[in-house]
Amino acid sequence: MIELKQIEAEGTRQLRHKVMWPDQHPDFVVLPNDAEGLHYGLLEDGKLVSVVSLFRDGHQAQFRKFATDTAVQGRGYGTQLLQYMIEQALAMGINELWCDARLTAIGFYERFGMKADSAVFQKNGIDYVRMGLDLTANK
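In this report, we go over the structure that sits alongside the text. A quick note: this is a predicted structure, and the numbers were derived from the prediction, not measured. (Residues numbered from 1 in each chain as written. Predicted model: local features only at pLDDT ≥ 70, side-chain atom pairs only at ≥ 80, totals over all residues. Heavy atoms only, no water.)

## Notes on helix α2 (residues 77–91)
Heads up, the rule is: By the criteria applied, helices consist of DSSP H or I runs no shorter than four residues and strands consist of E runs no shorter than two, each listed in order from the N terminus. To estimate how far a helix should reach, multiply one less than its number of residues by 1.5 Å. Think of it in three bands: with a 1.4 Å probe and only protein chains considered, a residue is buried below 20% of the maximum accessible area for its type, exposed above 50%, and partly exposed in between.
When the terminal C-alpha atoms of α2 are compared, their 21 Å separation across 15 residues agrees well with the 21 Å that a helix rising 1.5 Å per residue should span. Every buried residue of α2 is accounted for by Y77, G78, L81, L82, Y84, M85, I86 and A89. After α2 finishes, the residue G93 shows a positive phi value of roughly 85 degrees.

Here it is in structure tokens:
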């Protein structure tokens, strides 16, 4: 059984660490503004397997730390969670959604209509590009 729901920030951290930065200290995945974010999870049979965090700033929002357990990648869970988060953002009146996407994930985000709108840049030795989605087209 699949369940999509809002979760606490603390609930995201173990999966963030395991998937995104396993070689770093667990505190590396804690964001300074986690307390202000909205955090969403996808649970498979009660087990948290995908997480994402949304940070609103007026009518725009950034999502960060989007991670799906490597053991279940390819099953569409990330797709379901991102679509759920987009629906939540629309309901909140968000007009623009964006993220700093790893270059390896560009194709995934493009399937949602996101477009790259920056040059490649690095964070912690990983190449990223900013990608945005105009949600006013979905209203």
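Let us keep going from here.
## A few points about unusual backbone geometry
A positive phi angle is found at D45, which is not glycine, with a value near 50 degrees. Locating D45 in the fold gives a position in the loop between β2 (38–44) and β3 (47–57).

## Brief notes about the side chain of E44
The line we're drawing: N or O atoms closer than or at 3.5 Å make up a polar contact, with two conditions inside protein: a donor-capable atom paired with an acceptor-capable one, and, for residues adjacent in sequence, both atoms drawn from side chains. Between two residues, a contact is recorded if the distance between any of their heavy atoms is within 4.5 Å.
Within the secondary structure, E44 sits in strand β2. In terms of polar contacts, E44 uses its side chain to reach the side chain of Y77, at 2.5 Å. Beyond its immediate stretch of four places on either side in the chain, E44 contacts M1, I2, V49, V72, R75 and Y77.

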